[in-house]
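Summary of structural features
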Amino acid sequence: MPSFPSAFRSARLCSLAVLLVPMLVLCASGPAAADQQRRIALTFDDAPRGAGPLFSGVVRTQRIVDHLDAGAVEGALFFVTTANLEREADGRARLVSYVEAGHRLANHSHSHPWLWKTGVDDYLADVDRASEVLATFDGVAPYFRYPYLDEGRTVARRDAVRAGLAERGLRNGHVTVDNYDWFMNALLAEAVRSGRAIDEAAWCSAYTSILIDGIEFYDRIARETLGRSPQHVLLLHENDLAALCLDDLIAALKDGGWAFVPAETAFGDPIAAWIPDTLFNGQGRVAALAAAAGQPLRTLVHESEDEAWLRRRFQSLGLLSEPTRSDAAGKP
Ligand SMILES: [Zn+2]
């Protein structure tokens with residue numbers, strides 16, 4: 001586990017930031033306060049996803065809505081991959097359910113392309129196609145989340161798409177906390193396929209503790225880099241583990257002193273306005289800001305963002321039958 005040792009490091013980073021006016025604003029506006037109420041928003045990518053290992057899409061949506069309601073979590077943001085609507089007969093009604101429950105929708109592209117593999121014009125056309133579909137819904141917020149958090153591997157492509165999104169009035173629906181919830185869900189599917197009985201409490205305990213560790217990891221990097229805890233945006237996927245365990249995750253966050261804010265409130269944090277000049281964007285905005293401030297990249301990825309690490313963890317907990325080679329799930 002990497003460590004970011006000292007106030008000296010924070011001071012050094014903020015001193016570096018004096019050279020960068022936007023960062024100066026970040027540091028000046030954010031005194032470290034031990035008693036600061038930490039805030040976090042929930043976002044769910046790839047909605048509406050198809051049937052999963054435990055739940056149909058309809059049941060999953062109802063469970064997620066119920067968990068959010070029970071936890072008094074308002075203004076969650078569901079990033080829609082609109083091609084999913086062509087495959088899911090109930091998809092449209094499910095998205096409407098989220099909006100009617102007080103949550104919002106936003107653009108996650110039509111076909112979920114990698115930017116580094118896609119030309120700028122084709123990429124933006126795919127964004128436009130999603131926007132056209134979303135225009136038929138109420139409750140759509142003007143945000144775009146890059147599929148795979150991939151903002152490209154060259155400055156030219158990165159900046160061309162950033163400009164194209166700005167022309168369209170779309171803001172980056174950034175995350176501050178990346179994780180591999182998608183791979184944990186793939187491991188759950190693997191366990192179900194193997195015929196193993198699913199100990200729901202144990203799966204949720206593991207899911208929650210791993211996510212909390214990641215949240216604390218990125219909050220620590222934020223405090224060391226910015227001198228404060230920003231309003232966080234947690235990346236989740238609209239998957240069965242969320243539908244199964246969201247109540248546990250919400251409770252654990254509250255126990256840890258976190259308060260929930262609407263996603264669009266969190267996007268009002270000053271870090272949304274500073275676009276880091278880095279190609280290291282795949283771990284979210286906090287990691288990107290730290291990278292731009294000179295932190296070694298290897299220290300900006302939590303250990304749980306690793307398929308082998310997660311497989312070992314779930315095996316050690318007795319939740320997976322045995323090691324397999326079916327490690328082919330792609331990052332959504
Ligand atoms: Zn996605």
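Data block above holds the structure.
This one's a predicted model, so the numbers in the text were calculated from it and none came from an experiment. (Residues numbered from 1 in each chain as written. Predicted model: local features only at pLDDT ≥ 70, side-chain atom pairs only at ≥ 80, totals over all residues.)

**Focus: helix H5 (residues 91-100)**
Here H5 has its buried residues at Gly91, Arg94, Leu95 and Tyr98. One side of H5 carries all its buried residues, which in axial view fall inside an arc of 100°. Packing partners of the buried residues in H5 comprise strand S1 (38-47), helix H3 (57-70), strand S2 (77-80), helix H4 (84-87) and strand S3 (104-107). Residue Gly102 follows H5 closely and has a positive phi angle near 100°. (Buried ≥ 20, exposed ≤ 12 C-beta atoms within 10 Å, placed from the backbone. Helix = DSSP H or I, 4+ residues; strand = E, 2+ residues; numbered from the N terminus. Arc of directions from axis to C-beta. Contact = placed C-beta atoms within 7 Å.)

**What about helix H6 (residues 120-134)?**
Given a rise of 1.5 Å per residue, 15 residues ought to cover 21 Å, and the 21 Å separating the end C-alpha atoms of H6 matches this to within 8%. Listed as buried for H6 are Tyr123, Leu124, Asp126, Val127, Ala130 and Leu134. All buried residues of H6 fall inside an arc of 150° around its axis, so they share one side. Along H6, the residues that are exposed and aim more than 90 degrees away from the buried face are Asp121, Asp122 and Glu132. Residues of H6 that are buried sit in contact with S2, S3, strand S4 (140-144) and helix H7 (155-167). (Expected span 1.5 Å × (residues − 1).)

**Overview of the pairing of S4**
Sheet topology places S3 next to S4; two bridges connect them, and they run parallel. Across the sheet, residue Asn107 finds its bridge partner in S4, namely Phe144. Between S3 and its parallel partner S4, the chain crosses via H6, and the hand of that crossover is right-handed. Across two bridges, the pairing between S4 and strand S5 (residues 171-172) is parallel. Along S5, the bridge assignment pairs Phe144 with Asn172. Regarding the hand of the β-α-β motif, the stretch spanning S4, H7 and S5 is right-handed. (Pairing = 2+ DSSP bridges. Right-handed = clockwise from strand over helix to strand, strands pointing away.)

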